[in-house]
Protein chains: 4
Amino acid sequence: MLSFESDYTEGAHPQILQRLQETNMVQTPGYGTDEFCASAAEKIRSACGCPDAYVFFLTGGTQTNQIVIDSLLKPYEGVVSAETGHINAHEAGAVEFTGHKVLALPHHCGKMDPKELDEYLNRFFSDGNHEHMVFPGMVYITHPTEYGTIYTRDELAAISKVCRNYHLPLYLDGARMGYALAAENTDVTLKDIAELCDAFYIGGTKVGALFGEAVVFSGEYRPDHFVTRVKQHGGLLAKGRVLGVQFDTLFTDDLYMKISAHAIRMAGLLKQALKEKGYRFFLESPTNQQFVILENSFMEELQKHVRFSFWEKYDENHTVVRFATSWATTEENLSRLTDLL
Amino acid sequence: MLSFESDYTEGAHPQILQRLQETNMVQTPGYGTDEFCASAAEKIRSACGCPDAYVFFLTGGTQTNQIVIDSLLKPYEGVVSAETGHINAHEAGAVEFTGHKVLALPHHCGKMDPKELDEYLNRFFSDGNHEHMVFPGMVYITHPTEYGTIYTRDELAAISKVCRNYHLPLYLDGARMGYALAAENTDVTLKDIAELCDAFYIGGTKVGALFGEAVVFSGEYRPDHFVTRVKQHGGLLAKGRVLGVQFDTLFTDDLYMKISAHAIRMAGLLKQALKEKGYRFFLESPTNQQFVILENSFMEELQKHVRFSFWEKYDENHTVVRFATSWATTEENLSRLTDLL
Amino acid sequence: MLSFESDYTEGAHPQILQRLQETNMVQTPGYGTDEFCASAAEKIRSACGCPDAYVFFLTGGTQTNQIVIDSLLKPYEGVVSAETGHINAHEAGAVEFTGHKVLALPHHCGKMDPKELDEYLNRFFSDGNHEHMVFPGMVYITHPTEYGTIYTRDELAAISKVCRNYHLPLYLDGARMGYALAAENTDVTLKDIAELCDAFYIGGTKVGALFGEAVVFSGEYRPDHFVTRVKQHGGLLAKGRVLGVQFDTLFTDDLYMKISAHAIRMAGLLKQALKEKGYRFFLESPTNQQFVILENSFMEELQKHVRFSFWEKYDENHTVVRFATSWATTEENLSRLTDLL
Amino acid sequence: MLSFESDYTEGAHPQILQRLQETNMVQTPGYGTDEFCASAAEKIRSACGCPDAYVFFLTGGTQTNQIVIDSLLKPYEGVVSAETGHINAHEAGAVEFTGHKVLALPHHCGKMDPKELDEYLNRFFSDGNHEHMVFPGMVYITHPTEYGTIYTRDELAAISKVCRNYHLPLYLDGARMGYALAAENTDVTLKDIAELCDAFYIGGTKVGALFGEAVVFSGEYRPDHFVTRVKQHGGLLAKGRVLGVQFDTLFTDDLYMKISAHAIRMAGLLKQALKEKGYRFFLESPTNQQFVILENSFMEELQKHVRFSFWEKYDENHTVVRFATSWATTEENLSRLTDLL
């Protein structure tokens, strides 16, 4: 059955598999100390415009969020997030598992508002009673957000400024970062992210890799003994090379951006087709996830032919569903989908 | 440079890469709910002789130990382990990170003694003061051990009996399980392990996979909502298929045992060569890891030509080093090594 | 300086001190196994109408909340609370410290709405994706709430019914329970609480004791090895007798209710005086805490003569402040306060 | 029945109760910000010869160890302790509960050997593989030890020197510190402890208080936001004054030392009587705990008339038991005991 359920329904981009094959018999030391990780890290530092960034490779998004957040926070601090942030809603309490509270702010189509952040922090630190409260210790945002929306450079700069005023690191969850960087009309580059944030990760799992995320500490906050922390959280891969080879490939000849641009183009075609057929969108998403409001009985009929994600109930008779594109989406499959719609 | 540093210096067994390639464009749902995981689990249940075992795939050994132990223990319980157990010494406190104490017993060439275990448990539970102590809640053993040694069926049965007397689950860390099953003169089969233990994992990372471990709950202890717990610990792989495909391949046509047998044969040749050349062994290992005592200046010379693992200081002038073989070890490389020795 | 800052500004009710004196030289075993704890527990069971309740004494409210919640939840579960719940706002993340998320619902003058609770639980358990989310594992309410308001018997019964429908324990934080039980027009008795909740604590610290809270497990949920869990959380008092003597005194000749009734009478006089002088109340509180809106410059003047609690900013020119009464509040001090107002 | 079971079988020294009575109606702010805590802290600083030490009052020993250790360690560090250390054996895993491993060294009559400590630390930090291990982050000792033995000044200085060489804080658990300071022939003063250690606590619970321990950070290591950490661990007492009044009393007119000296004198008389009657001691203890080897049938007979502590099995026919003296031990009760022996 056809699937537009997510951007991780297939294996990996063919060039990644090919490179794994080519390098298979090279003998390397373990735990990320190999030549492929070194090369990938160097290419990422270069793409970020951060020659002295610390880059490390982890296997999945929740793991990455858990380890980075736990490593950047002091034990009595929590992480500020929009209430819709992935860490607050869909990671089974992985942050709380490490002892930290997620301090939720309202969201606006998945985004955090810099002014609301500033007001919250100002209220907290000016209140004499805050010794009995969880200290905000860092700020977490996603780009694109869980709703497929993206920040503008100005918005990102405004959040960054608030964080720096309060001496809090800003961490960006880039599980789908490629799709934000390749979105039409975005003015945010990878270098902007590296400059405005203190830590972020470049998602591989959802952008063409078998698995893997590249964590980048681009600012002044660098957890000491990060490898030991990763090990302690159960996240250290013995054959770290498998991550190195994948990210080295993704950051060679712009593959990461090419994959992302393809998915965005496919999403654009889908969006156009949906509009032409008069479908209602739940919100305007410039990235690879499209949220559409379907009448329930039609949705049930459609599910017999194509897989997509249930997002949320819209009203008694309607449901919000999500269609996602990726490197693997073909025009042919798109046609089959639009025929069904 | 030639390397006998570990059994995870290369990528994956070629059949695994090939199968990843062949299945790459199949669309699957995520998080281990795909057809490849289902097929692999079924083959593992069959190999274990446990038609109703619960099988789940994780990415690494420390992660697996952390999650299984934390899921089987009650919050006020600890895990009993030989003091040399991997969880007690080389996992950066990943068990304590989840709030549990490792209760260490003496080791005998890496193995736990069933009688000492019995005495410890008897002493604990007969002592009226134990409400102020950490309750032993499960028993952890490794097979092969960190020293490459293996349990006999009788020894394993004796430990199992003690555990069942005290109603404690027995968990076996099988990071290198294949090498124990393929060891010369072993009388322990995978079915024995499934019968005598309550939980164990079949190591993939060190036995030919790119990465991955297959957790098997073969006994009466089944953590509820295991997927949620895995997510909470940051261990849930989005493209679970990557694990499914690998273990499906390893458990097709006995590949897992063939890989292991090859490594054991290579270790046997190495052992023979070492013996012929008069090297001293630190202990007798029937598996793929060989521990040899080298004179320090010779060791330093040798390091210029071949990579191996430093194990521990033996005395002022000697060091214990480890040579490991794997699916990837060739007779040619073995010859090069023995020429150097 | 006169203080209406809280209900714990003095030491202990004189009868408690006297009883500590009288029993001082009695030799007892430690950790709550003494005769005073046994007697106090029996009196509490009797007052609750629960002959088989499990009663244990702890030293403070945050500690009690942390230990009870961590003991009742499974590791992958969180606790549902109104967003204003003490555990969510003013306990420095003590619940998250033990690995659990606080799942916040809206509040209504500090109270949780049974219908909103039902909707939340229904949405959670009917959503197929909940394996990636924190499971609601219990419900936490406060009575009186952080705003001094109280539940009616019907409201409490409605919340209890929802909890039982979903097989979730209901836990009531009774840091100031006496003041709710003694409130004018309340129809909720201690026996009602014991019947409708599964666990609760009867606050001592804020109702006349030097310190101490009596935890009561009145329902079917009984954490095993509770003493070990208390020890593990650092909450086990060596001289448990000190808690036993205090609660034995509080539950002899109705002292707990007499103390509470006195505070309520004093709060009533204060309320009347405030009303007569035309003060605005932030909300209607029937208990010992009164929340008043003061003009800022007047508030600053008043602070020179009497201590009270800053509650929150009301608007640019006004602040909400709290006055609290207790067993130790005298009519004389009340007069001095009303003269100042 | 007569009891020599522990040094916390009675309430509090009469002067403490009297002072609680006298100060009962003074109104104070909460959480340790009151005048009594301030006065007690000042007296302790003075007694320690540390005018700038940070002093805070907690309610019990396990709580204090948990909070201090968790506050001084980085998340990837563990605490080094003799295997018999209270935190390693009798605190229900309270340290592991906060995520940290106890790194156990051998004990010598309860004491840690500075040379063994040095060797362990040297081995750890010189081993290139230590990134996969728990980092030793501080050293924990008890004085007197769990066996009633005490360090000499030289021994303490040697341990302190090792710690400072490796830049690790030294923390001394002084649950029974008074009995070490008052021991015959000791050359260790409170000022020595403050100088040689970085943190320690002066035990109140076992030295005449109702409950309470005074934590002193005398060195360069000062956890930031300690009050918030205490709250987060559930250890913050609302009526902190109760701790302040007690320690203010204990450190007025040398009461703490007088109490301790009395207990030591009583222990001396008991020791003499035991020796005269030919009893065998398990080890030589210069403090208030005496460990005696009793023949089992005699022990059972004795238990009918007097309470003492079971310590451990000595051999098939003998048991080690403990008798403890305190401020409350009278010569009359001692006579009754010696008559029974």
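Nothing here was measured: the structure is a model prediction, and the numbers come from that model.

**Student:** I tried to follow the overall build of chain A on my own but got confused; where do I start?
**Tutor:** Within chain A one finds 14 helices and 13 strands. Relative to its length of 341 residues, chain A is compact, with a C-alpha radius of gyration of 20 Å against a globular reference of 20 Å. Each of the three principal axes of chain A carries a C-alpha extent, and together these read 55 × 55 × 35 Å. Intrachain contacts of chain A at a sequence separation of at least 6 include 72% that bridge at least 24 residues. Working note: accessible area of chain A is about 11800 Å², and carbon and sulfur atoms make up 48% of it. Taken together, the 30 basic and 45 acidic charged side chains of chain A have centroids lying 3 Å from each other.

**Student:** Even after reading the chapter, I still don't get the sheet that holds strand β2 (residues 54–58) of chain C, so can you show me in this structure?
**Tutor:** Within a beta sheet, neighbouring strands are joined by backbone hydrogen bonds and run either parallel or antiparallel to one another. Residues and elements named next belong to chain C. Within the open sheet, the seven strands sit side by side as β2-β8-β7-β6-β5-β3-β4. Their pairing is mixed. In the strand order of this sheet, the two ends are held by β2 and β4 (102–105), each with one partner. Each neighbouring strand pair of the sheet contributes to a mean axis angle of 25°, computed without reference to strand direction. Packed on one face of the sheet, helix α3 (residues 61–72) meets β2, β3 (77–82), β5 (135–142), β6 (170–174), β7 (199–203) and β8 (213–217) and runs near 20° to β8.

**Student:** Any chance you could explain the relation of the copies chain A and chain B here in plain terms?
**Tutor:** In this arrangement, two copies of a chain are superimposed by a rotation about an axis accompanied by a shift along the axis. Superposing chain A onto chain B requires a rotation of 180° together with a translation of 0.0 Å along the rotation axis, leaving an RMSD of 0.0 Å. In short, the pair behaves as if placed about a two-fold rotation axis. A high fraction, 100%, of the interface residues of chain A reappear at the interface in chain B, so the copies pair face to face through one surface.

**Student:** What exactly am I supposed to notice about the environment of C:Ala40 here?
**Tutor:** Residue and element names in this part refer to chain C. Looking at the secondary structure, you find Ala40 in helix α2 (residues 35–48). Considering only alpha carbons, one finds Ala40 and Phe247, 207 residues apart in sequence, at a separation of 5.6 Å. With near-sequence residues (within four places) excluded, Ala40 lies in contact with Phe57, Gly244, Phe247 and Asp248.

**Student:** Is there a simple way to explain the nonpolar core in this structure?
**Tutor:** One recurring pattern in soluble globular proteins is that nonpolar side chains are buried together. Membership of the largest hydrophobic core comes to 129 residues, with the highest contact counts inside it found for C:Phe200 and D:Phe200. Judged by nonpolar contacts, the second largest core, of 128 residues, contains A:Leu17, A:Ala182, A:Phe200 and B:Leu190.

**Student:** Even after reading the chapter, I still don't get the interface of chain D and chain A, so can you show me in this structure?
**Tutor:** Think of interface size as the accessible area that goes away when the parts come together; that is how it is often given. Tallying the contact residues gives 17 residues for chain D and 17 residues for chain A. For the pair chain D and chain A, the two sides together bury roughly 1700 Å², of which 57% comes from carbon and sulfur. When the buried area of chain D at its contact with chain A is split by residue, D:Tyr76, D:His132 and D:Thr228 rank highest and sum to 35% of it. Applying the counting rule to chain D against chain A returns zero salt bridges. Our enumeration of links across chain D and chain A arrives at six residue pairs in polar contact (both at pLDDT 80 or more). Across the side of chain D that touches chain A, the residue classes break down as seven nonpolar, five polar and five charged.

**Student:** Looking at this model, I keep getting lost on the state of the cysteines. Mind explaining?
**Tutor:** Put plainly, a disulfide is one covalent bond tying together the sulfur atoms of two cysteines. All names here are of chain C. The full count for this structure, using the stated rule, is zero disulfides over all chains. Not part of a disulfide, Cys37 finds its nearest cysteine sulfur in Cys48, a span of 16 Å. Counting only cysteine sulfurs, Cys50 is the nearest neighbor of Cys48, a cysteine outside any disulfide, at a range of 5.8 Å. What makes Cys48 buried here is its relative accessible area of 2%.

**Student:** What am I meant to see in the sheet that holds strand β3 (residues 77–82) of chain D here?
**Tutor:** Residues and elements named next belong to chain D. Taken in spatial order, the seven strands line up as β2-β8-β7-β6-β5-β3-β4 in an open sheet, and their pairing is mixed. Pairing within the sheet leaves two strands with one partner each, and these edge strands are β2 (54–58) and β4 (102–105). This sheet shows a mean twist of 25° between the axes of neighbouring strands, independent of strand direction. The strands touched by helix α11 (residues 241–250) are β2, β7 (199–203) and β8 (213–217); relative to β2, the strand with the most contacts, the crossing angle is about 115°.

**Student:** Please explain helix α3 (residues 61–72) of chain D as it appears in this structure.
**Tutor:** One turn of an α-helix holds 3.6 residues; hence residues three or four places apart share an orientation. An ideal rise of 1.5 Å per residue puts 16 Å on 12 residues; α3(D) measures up with 16 Å between its terminal C-alpha atoms. Within α3(D), 12 of the 12 residues are buried, which leaves it mostly tucked inside the rest of the structure.

**Student:** Would you explain unusual backbone geometry in this entry?
**Tutor:** Negative phi values dominate among residues other than glycine, just as trans dominates among peptide bonds. B:Pro144 follows B:His143 through a cis peptide bond whose omega is 0°. Here B:Pro144 is to be found in the loop between β5 (135–142) and α7 (153–165). Of note, A:Asn185 is a non-glycine position whose phi angle comes to about 70°, a positive value. By relative accessible area, which is 77% here, A:Asn185 ends up exposed.

**Student:** So what exactly am I meant to see when it comes to the interface of chain A and chain B here?
**Tutor:** Listed by partner, the interface residues are 50 residues for chain A and 50 residues for chain B. Of the roughly 4300 Å² buried at the junction of chain A and chain B (both faces included), carbon and sulfur atoms supply 55%. Counting the surface chain A buries against chain B, the share from its top three residues, A:Gln27, A:Phe97 and A:Lys239, is 18%. Taken together, chain A and chain B are joined by zero salt bridges. Summed over the shared surface of chain A and chain B, the result is 26 residue pairs in polar contact (both at pLDDT 80 or more).

**Student:** Please clarify how the packing of aromatic side chains should be interpreted in this entry.
**Tutor:** To describe a pair of aromatic rings, you give the distance between the ring centres and the angle between the ring planes. Residue and element names in this part refer to chain A. Across all of its chains, the model carries 82 aromatic pairs over all chains by this definition. Residues Phe56 and Phe226 carry aromatic rings whose centres are separated by 5.7 Å and whose planes lie at 80° to one another, so their mutual orientation is edge-to-face. A residue pair is termed long-range when its members are at least 10 positions apart, and Phe56 in strand β2 (residues 54–58) and Phe226 in helix α10 (residues 226–232) qualify at 170 residues. In this structure Phe56 comes out as buried when scored by relative accessible area, which is 9%. With relative accessibility at 3%, the residue Phe226 sits in the buried group. Through pairs of rings, three or more aromatic residues link up here, namely Tyr76, Phe124, Phe125, Phe135 and Tyr166.

**Student:** Which parts of the structure should I look at to understand the pattern of salt bridges?
**Tutor:** When the charged atoms of two side chains with opposite charge come close together, those side chains can pair. Residues and elements named next belong to chain A. Enumeration over the complete set of coordinates arrives at 68 salt bridges over all chains. The salt bridge partner of Arg229 is Asp224, with a shortest N-O separation of 3.3 Å. What you see here is one network of salt bridges that share partners, running through Arg19, Glu22, Lys43 and Asp248.

**Student:** Hey, could you run me through the confidence of the model for chain A in this one?
**Tutor:** Any region with low pLDDT has predicted coordinates that should not be read closely. Chain-level pLDDT for chain A is 97 on average; 100% of the residues reach the 70-or-more range. If you check the scores for this complex, the pTM reads 0.97 and the ipTM reads 0.97.

**Student:** How should the pairing of β5(C) be read in this particular structure?
**Tutor:** A regular strand carries its side chains on alternate faces of the sheet. Residues and elements named next belong to chain C. Of all eight residues in β5, eight are buried, a share of seventy percent or more. Here β3 runs beside β5; their pairing, made up of five bridges, is parallel. What sits directly across from Glu77, in β5, is Phe135. Across four bridges, the pairing between β5 and β6 is parallel. Along β6, the bridge assignment pairs Tyr140 with Tyr171. In this fold, the crossover linking β5 to β6 by way of helix α7 (residues 153–165) has right-handed handedness.

**Student:** Just to check I follow, could you spell out the packing of helix α1 (residues 14–22) of chain D against α11(D) for this structure?
**Tutor:** The relative placement of two packed helices is expressed as an angle between their axes plus a distance between the axes. Residues and elements named next belong to chain D. Put simply, α1 and α11 touch, their axes get as near as 9 Å, and they point 130° apart. The angle between the axes of α1 and α11 places the two elements in the oblique class. The crossing of α1 and α11 is right-handed. Along its contact with α1, which presents Gln15, Ile16, Arg19 and Leu20, the element α11 presents Val242, Val245, Gln246, Asp248, Thr249 and Leu250. Class assignment for the residues of the contact of α1 with α11 results in five nonpolar, three polar and two charged.

**Student:** Can you help me understand the packing of helix α6 (residues 114–126) of chain A against helix α7 (residues 153–165) of chain A in this one?
**Tutor:** Residues and elements named next belong to chain A. Taken N-terminus to C-terminus, the directions of α6 and α7 make an angle of 10°; their axes are 9 Å apart at the nearest point. On the basis of the axis angle, α6 is roughly parallel to α7. Residues Pro114, Leu117, Asp118 and Leu121 of α6 pack against Glu155, Ala158, Ile159, Val162 and Cys163 of α7. Across the contact of α6 with α7, the residue classes break down as seven nonpolar, no polar and two charged.

Here is what the cut-offs are and how they apply
- Residues numbered from 1 in each chain as written.
- Chains lettered and ligands numbered in written order.
- Predicted model: local features only at pLDDT ≥ 70, side-chain atom pairs only at ≥ 80, totals over all residues.
- Heavy atoms only, no water.
- Helix = DSSP H or I, 4+ residues; strand = E, 2+ residues; numbered from the N terminus.
- Rg over C-alpha atoms; globule rule 2.2 N^0.38 Å.
- Contact = heavy atoms within 4.5 Å.
- Areas by Shrake-Rupley, 256 points an atom, 1.4 Å probe, with all protein chains shown as cover.
- Lys, Arg positive; Asp, Glu negative; His and termini not counted.
- Charge placed at Lys NZ, Arg CZ, Asp CG, Glu CD.
- Pairing = 2+ DSSP bridges.
- Axes fitted to C-alpha atoms, helices over the stretch in contact; angles between N-to-C directions.
- Least-squares fit on C-alpha atoms with pLDDT ≥ 70 in both.
- Core = buried A, V, L, I, M, F, W, Y, C linked by side-chain atoms within 4.5 Å.
- Buried < 20%, exposed > 50% of the residue type's maximum accessible area, 1.4 Å probe, protein only.
- Buried area = accessible area lost by both parts, 1.4 Å probe.
- Salt bridge = Lys/Arg side-chain N within 4 Å of Asp/Glu carboxyl O.
- Polar contact = N/O pair within 3.5 Å; in protein donor to acceptor, adjacent residues only side chain to side chain.
- Nonpolar A, V, L, I, M, F, W, Y, C, P; charged D, E, K, R; others polar.
- Disulfide = S-S within 2.5 Å.
- Expected span 1.5 Å × (residues − 1).
- Phe/Tyr/Trp six-rings, centres within 6.5 Å; stacked < 30°, edge-to-face > 60°.
- pLDDT = per-residue confidence, 0-100.
- Right-handed = clockwise from strand over helix to strand, strands pointing away.
- Parallel < 35°, antiparallel > 145°, perpendicular 65-115°, else oblique.
- Left-handed = near helix turned anticlockwise from the far one by under 90°.

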